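# Structural overview for review
Take a look at the letters that make up each chain.
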Amino acid sequence: MAAGSQNLVGERVRKLRVAADLSQDALAGECQRQGWDITRGTFAKIEAGLRRVNDAEVIVLAKALKCDLADLLGGFSVKKAVEVARHGDTNA
């Protein structure tokens, strides 16, 4: 995960998307069908850690990727989560 990342899930979104053989455009389309107006460019920012992802967006992502919330959020330490929340920095 890149230093200064704005989210915890970006790398996992990319891995799950690739594993599902979806392009960023296809995932954006699936999210739009779920009611979230998002573009391919926004997914590029999420996957690069340049854009924050809120709790509601994580739920839509899980539905669009056909995965459990734990696949996106599980296994992170509270320390890492707090650092991202406070500073956008995962190197703590």
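Residues numbered from 1 in each chain as written. Predicted model: local features only at pLDDT ≥ 70, side-chain atom pairs only at ≥ 80, totals over all residues. Heavy atoms only, no water.

The next point concerns helix H3 (residues 40-47). Those residues of H3 lying buried are Thr42, Phe43, Ile46 and Glu47. Buried residues in H3, looked at end-on, bunch into an arc of 135 degrees, giving them a common side. Looking at the buried positions of H3, the neighbouring elements they touch are helix H1 (10-19), helix H2 (24-33) and helix H4 (55-65). Looking at the residues trailing H3, positive phi occurs at Gly49, about 80 degrees. (Buried < 20%, exposed > 50% of the residue type's maximum accessible area, 1.4 Å probe, protein only. Helix = DSSP H or I, 4+ residues; strand = E, 2+ residues; numbered from the N terminus. Arc of directions from axis to C-beta. Contact = heavy atoms within 4.5 Å.)

As a further point, take the state of the cysteines. Applying the stated criterion across every chain, the model contains 0 disulfides. Not engaged in a disulfide, the cysteine Cys31 finds its nearest cysteine sulfur in Cys67; these two sulfurs lie 10 Å apart. Given a relative accessible area of 14%, Cys67 falls into the buried group. (Disulfide = S-S within 2.5 Å.)

Attention shifts here to the environment of Ser5. Mapped onto the elements of the fold, Ser5 is located in the segment before H1. For Ser5, a relative accessible area of 4% corresponds to the buried category. Residues Ser5 and Gly49, 44 residues apart in the sequence, show an inter-C-alpha distance of 4.6 Å. For Ser5, the side chain forms a polar contact with the main-chain oxygen of Asn7, separated by 2.8 Å. (Polar contact = N/O pair within 3.5 Å; in protein donor to acceptor, adjacent residues only side chain to side chain.)

Judged by nonpolar contacts, the single largest core of 18 residues is most densely connected at Val13, Cys31, Trp36, Phe43, Leu61 and Leu72. For this core, the elements supplying multiple residues, two or more each, are H2, H3 and H4. Here the element with the most residues in this core is H4; it accounts for 6 residues. (Core = buried A, V, L, I, M, F, W, Y, C linked by side-chain atoms within 4.5 Å.)

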